[in-house]
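Residue strings, one per chain:
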Amino acid sequence: MANFLKLKQFLTLVLILLALAAKSSKSTPSPSSTTRVKGIYWIENPLFPPSSIDTSLFTHIFYAFVSPNKFTYKLEEEEEDSTTVATSLTTFTNTFKTKTPPIPTLLSIGGATSNSTLFAFIASDPTARATFINSTIQVARTFGFDGIDFDWEFPTTTKEMNDLGELLFQWRRAISDEATSTSRPPLLLTAAVYFAVNFFLSGERRMYPVDSINKNLDWVNVMSYDLLGSGSNVTGAPSGMFDSKSNVSVVSGLFSWIRGGVAPEKIVMGMPLYGKSWKLQDPNVHGIGAPNVGPGPGVDGGMAYFQVVDFNKQMGAKVVYDKETGSVYSYSGSTWIGYDDPFTVSVKVGFAQALKLGGYFFWAAGYDTSDWKVSTQASKAWRPE
Ligand SMILES: *[C@@H]1O[C@H](CO)[C@@H](O)[C@H](O)[C@H]1NC(C)=O
Ligand SMILES: *[C@@H]1O[C@H](CO)[C@@H](O)[C@H](O)[C@H]1NC(C)=O
Ligand SMILES: *[C@@H]1O[C@H](CO)[C@@H](O)[C@H](O)[C@H]1NC(C)=O
Ligand SMILES: *[C@@H]1O[C@H](CO)[C@@H](O)[C@H](O)[C@H]1NC(C)=O
């Protein structure tokens, strides 16, 4: 009963927010395009080939990741005689080309473990930049991709943000020129970005180049997750919608992007198909903000959604919806897991749609249950327009 009441309060709060969002968005012009993004990243994984993806649930599939060579600034795939990677890229794009209708694919460059210093140099140096851009278009076309996605994690200074703006400008120009000279539809150009438009938690305060983003990108994939690391000494929502004490939340981050001036229809909200686990200091203290003594099960506490479901079932874990954060967590013994499930995801998608965002995406394929419970719910939650 107590949980039910909490859930009701939580839903009320969400409805109020949705109403507010609908009201505030009246002043912005409605997007002309009705294309909505339901994206997912696929990570090279022999246990989960591209053909395992249920394409009825997605509109765009991202191949994660490729990187430039640090001496030539060309993508490794163009540089080396890398037959394995070439086969993987070709298999990937062919899998989605042969669907009816075909699903567009994007070649994603960078990622969390990529060389941020190298990107900073490429973005700042006209020659390296031109070589890099040329190579990305070359590789995307050679292997049959429909677009390019740039995941620089992350520019560290205002200068690097300005250089990113220039890189996107040159990139768009090269893509338009290539499309004109080959009479083909232009490649899509997108970027994966921080959960907020500003970096305000550490390092130099810096803001994304919103003008360049509006002009040159089809959209940004906002990484509205990993808001709390497994290194945190208290439990919390890794992708919570709200946080009353800070601006570190999905909703704050998305509002910052809109307030920062990026057109809502160019903002695509990211959601994690994984949770984070901790080992509780005291199994009897198990709310949000409970002290922990380090990561729980999973690699550094990371657990795919299907693993969370298995854990909850096997351990008879208690599942709690938390209205304060708009998130779900479960606990059993000294294990505590914060995650997203079909319910929290459908609330988030409703929120994104009320804000007139461009859509949503998931990290990553293979983490949902085998019957795609979370992805299915998200897809249904986006009401037909
Ligand atoms: C990252 O890029 C910088 C700049 O090109 C280079 O000096 C450095 O060796 C690279 N780091 C790695 C690990 O490749
Ligand atoms: C990349 O550069 C090569 C050599 O200059 C040129 O032939 C090719 O058309 C360029 N490709 C693109 C996509 O600009
Ligand atoms: C959150 O951001 C707003 C707008 O920038 C600011 O006014 C407020 O003080 C911030 N709140 C916290 C808790 O940092
Ligand atoms: C967690 O760490 C912060 C500082 O990083 C500290 O202020 C706080 O007391 C710690 N909390 C617990 C429960 O250990």
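You'll find the structure just up there.
Residues numbered from 1 in each chain as written. Chains lettered and ligands numbered in written order. Predicted model: local features only at pLDDT ≥ 70, side-chain atom pairs only at ≥ 80, totals over all residues. Heavy atoms only, no water.

1. A few points about the packing of helix H4 (residues 116-124) against helix H5 (residues 126-142)
For step 1, the next point in the chain: Two elements in contact, H4 and H5, have axes whose closest approach is 5 Å; the angle formed by their N-to-C orientations is 105°. It follows that H4 is roughly perpendicular to H5 by the angle criterion. Within the contact between the two elements, H4 uses Phe119, Phe121, Ile122, Ala123 and Ser124 and H5 uses Pro126, Ala128, Arg129 and Phe132.
For step 2, the next point in the chain: Residues that form the contact of H4 with H5 fall into these classes: seven nonpolar, one polar and one charged. (Axes fitted to C-alpha atoms, helices over the stretch in contact; angles between N-to-C directions. Helix = DSSP H or I, 4+ residues; strand = E, 2+ residues; numbered from the N terminus. Parallel < 35°, antiparallel > 145°, perpendicular 65-115°, else oblique. Contact = heavy atoms within 4.5 Å. Nonpolar A, V, L, I, M, F, W, Y, C, P; charged D, E, K, R; others polar.)

2. Regarding the environment of Leu228
For step 1, the next point in the chain: Relative to the helices and strands, Leu228 is located in the loop between strand E8 (219-222) and helix H8 (250-259).
For step 2, the next point in the chain: Between the C-alpha atom of Leu228 and that of Gly240, which follows or precedes it by twelve residues, the distance is 9.2 Å.
For step 3, the next point in the chain: Other than its neighbours up to four places away in sequence, Leu228 contacts Val234, Thr235, Gly236, Ala237, Pro238, Lys276 and Trp278.

3. Concerning the pattern of salt bridges
For step 1, the next point in the chain: The final tally for this structure, using the stated rule, is eight salt bridges.
For step 2, the next point in the chain: Residues Asp226 and Lys276 are paired through a salt bridge, measuring 3.1 Å at the closest nitrogen-oxygen approach. Here Lys276 lies in strand E10 (residues 274-280) and Asp226 lies in the loop between E8 and H8, a separation of 50 residues in the sequence.
For step 3, the next point in the chain: We classify Asp226 as partly exposed; its relative accessible area is 42%.
For step 4, the next point in the chain: Look at Lys276 and you get buried, because its relative accessible area is 12%. (Salt bridge = Lys/Arg side-chain N within 4 Å of Asp/Glu carboxyl O. Buried < 20%, exposed > 50% of the residue type's maximum accessible area, 1.4 Å probe, protein only.)

4. Let's talk about the nonpolar core
For step 1, the next point in the chain: Of all hydrophobic cores here, the largest spans 90 residues; its most connected members are Phe132, Phe150, Trp171, Tyr208 and Phe362.
For step 2, the next point in the chain: Membership of the second largest hydrophobic core comes to 15 residues, among which are Tyr41, Ala64, Trp219 and Val268. (Core = buried A, V, L, I, M, F, W, Y, C linked by side-chain atoms within 4.5 Å.)

5. With respect to the site of ligand 3
For step 1, the next point in the chain: Around ligand 3 lies a shell formed by Lys245, Ser246 and Asn247.
For step 2, the next point in the chain: A distance of 2.2 Å separates an oxygen atom of ligand 3 from a polar side-chain atom of Asn247.
For step 3, the next point in the chain: The protein chains hide 29% of the 360 Å² of surface that ligand 3 would expose on its own. (Near = heavy atom within 4 Å. Polar contact = N/O pair within 3.5 Å; in protein donor to acceptor, adjacent residues only side chain to side chain. Areas by Shrake-Rupley, 256 points an atom, 1.4 Å probe, with all protein chains shown as cover.)

Don't take any of this as a statement about function, it's just geometry.
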